[in-house]
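# Examining the three-dimensional arrangement
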Amino acid sequence: METEMSGLNLTISRRSALLGATGAVAGAALLGQTGQVLAEDAKAAASGSQARLPFARFKIGGFEVTTLLDGTASSAEPQKTFGMNVPADEFAEVSAASFLPADSFTNFFTPTLVNTGKELVLFDTGMGEGARPDRGNLRSALETAGYTPEQIDIVVITHMHGDHIGGLAEGGNPAFANARYVTGAKEYDFWSKLDPAANGGAKLVAKNVTPLAEKTTFLEDGGSVVSGITAMAAAGHTPGHMIYMLESDGKQMVLTADTANHYVWSLAHPDWEVRFDMDKAAAAQTRRKVLGMLASDKIPFAGYHMPFPAVGYVDTVGDGFHYVPETYQLRL
Ligand SMILES: [Zn+2]
């Protein structure tokens with residue numbers, strides 16, 4: 001505090017000295033200019049949005065990984081989604097310790113494109129058309145990143161929640177006209193057995209996924225999408241939720257999909273219950289297993305709901321984990 005005060009004094013005395021040296025007329029002109037600039041600054045309207053590119057690129061060996069921002073969603077009452085099984089004061093304390101408000105939060109939706117050099121493989125498709133204005137932007141994010149939807153060779157669906165399968169169709173047609181599809185066998189079995197008339201999730205699966213079944217490869221744990229991209233069962237969030245290991249030239253990255261959906265509440269506290277985890281105990285167990293592997297093997301990951309650009313590392317802290325955002329380690 002004292003240092004800041006003396007810094008301020010120094011600035012003032014320098015300005016006084018400058019005014020003294022340049023004379024009263026020049027000093028008045030200086031003040032006038034400064035005053036004008038300040039007035040113009042004050043008139044500038046708040047832009048109300050963050051201007052940044054909706055994609056980011058990372059290099060994993062010979063693979064180029066592009067995370068694509070489909071959108072963001074801000075809402076109130078985060079504890080209705082995260083930390084459902086902990087007291088409100090504990091939730092507030094943990095949030096405050098990470099400089100997070102306890103009464104609102106922002107979620108991110110981040111499909112990821114992998115260019116293997118031979119194929120363009122897109123993981124998940126965002127909310128799709130008809131989503132609110134701040135979501136459903138995958139097509140424009142892809143185009144800004146330099147691709148057309150027609151170029152996508154394979155679309156992988158990690159699990160069949162609306163924010164992952166919403167973008168499969170546009171105007172009743174497949175949004176990725178030339179693609180084939182890959183998803184977990186268990187996941188499709190689960191949703192396709194439900195009654196679409198009685199279940200909104202199953203209704204969207206019937207509309208967006210079932211018409212593509214003939215062009216879809218259904219994987220089991222350990223199945224391969226293409227050389228260097230391997231499915232790993234990670235059930236809990238949904239019954240057939242799968243994550244994907246990317247391996248190229250000795251480098252690895254895991255696309256963790258919805259294994260952990262908040263960088264603090266789900267990483268530091270893997271056992272905190274999350275509303276959208278269909279089997280909460282299995283989801284917590286999967287979080288511990290996957291995050292433990294990322295931490296011990298020091299593998300970077302892209303998490304669908306991590307703060308954009310959604311790529312980071314995992315550190316072990318106490319009984320939980322800590323999110324370390326990628327800064328420049330994987331940049332091209
Ligand atoms: Zn999700």
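Residues numbered from 1 in each chain as written. Predicted model: local features only at pLDDT ≥ 70, side-chain atom pairs only at ≥ 80, totals over all residues. Heavy atoms only, no water.

### Some words on the coordination of the zinc ion
Ligation of the zinc ion by protein atoms is provided by Asp163 (OD), His164 (NE2), Asp258 (OD) and His305 (NE2), these donors lying 2.1 to 2.3 Å from the ion. Seen from the zinc ion, its 4 donor atoms lie at angles of 88 to 171°, and the figure they make is irregular. Considered as a linear motif, the donors of the zinc ion on their single chain read D-H-x93-D-x46-H. Within this pair, whereas Asp163 is found in helix H4 (residues 162-165), its partner His305 is found in the loop between strand S16 (301-303) and strand S17 (311-317), the two being separated by 142 residues in sequence. By the burial criterion, Asp163 is buried, and His305 matches it. (Donors = N, O, S within 2.8 Å, 3.2 Å for Na, K, Ca; no water. Tetrahedral: all angles 85-135°; square planar, octahedral: opposite > 155°, others 65-115°. Helix = DSSP H or I, 4+ residues; strand = E, 2+ residues; numbered from the N terminus. Buried < 20%, exposed > 50% of the residue type's maximum accessible area, 1.4 Å probe, protein only.)

### Side note on the sheet that holds strand S5 (residues 112-115)
The 7 strands are arranged S1-S2-S5-S6-S7-S10-S11 in an open sheet whose pairing can be described as mixed. Bordering the open sheet on either side are strand S1 (55-60) and strand S11 (216-219), each of which pairs with just one other strand. Looking at each pair of strands side by side, their axes are set apart by 20° on average, direction ignored. Pairing analysis gives 4 bridges linking strand S2 (residues 63-68) to S5, with the strands arranged antiparallel. Within the sheet, the bridge partner assigned to Thr67 lies in S5 and is Thr112. Here helix H5 (residues 185-192) sits on the sheet in contact with strand S10 (180-184) and S11, set at roughly 85° to S10. (Pairing = 2+ DSSP bridges. Axes fitted to C-alpha atoms, helices over the stretch in contact; angles between N-to-C directions. Contact = heavy atoms within 4.5 Å.)

### Overview of the sheet that holds strand S14 (residues 242-248)
Taken in spatial order, the 7 strands make up an open sheet running S12-S13-S14-S15-S16-S17-S18, and their pairing is mixed. Each having just a single partner strand, strand S12 (224-226) and strand S18 (320-325) make up the two edges of the open sheet. Direction aside, neighbouring strands of the sheet carry axes that sit 35° apart on average. The sheet contact formed by S12 and strand S13 (residues 229-233) spans 2 bridges and is antiparallel. Opposite Val226, over in S13, you have Ile229 as the bridge partner. Against the sheet, helix H7 (residues 280-297) touches S13, S14, strand S15 (251-257), S16, S17 and S18, its axis set at about 95° to S17.

### Quick notes on the environment of Arg132
Tracing the backbone shows Arg132 in the loop between strand S6 (120-123) and helix H3 (138-144). Classification of Arg132 as exposed rests on a relative accessible area of 57%. Note: C-alpha distance between Arg132 and Thr72 (60 residues apart in sequence) is 9.9 Å.

### Let's talk about the pairing of S14
Most of S14 sits inside the fold, with 6 of its 7 residues counted as buried. Pairing geometry for S13 and S14, over 5 bridges, is antiparallel. The residue bridging Ile229 from the neighbouring strand is Leu246, located in S14. Taken together, the 5 bridges between S14 and S15 define a ladder with antiparallel strand orientation. Paired with Tyr244 across the two strands is Leu255, which belongs to S15. Between S14 and S15, which pair antiparallel one after the other, the connecting turn spans 2 residues, and Asp249 there sits at a positive phi close to 50°.

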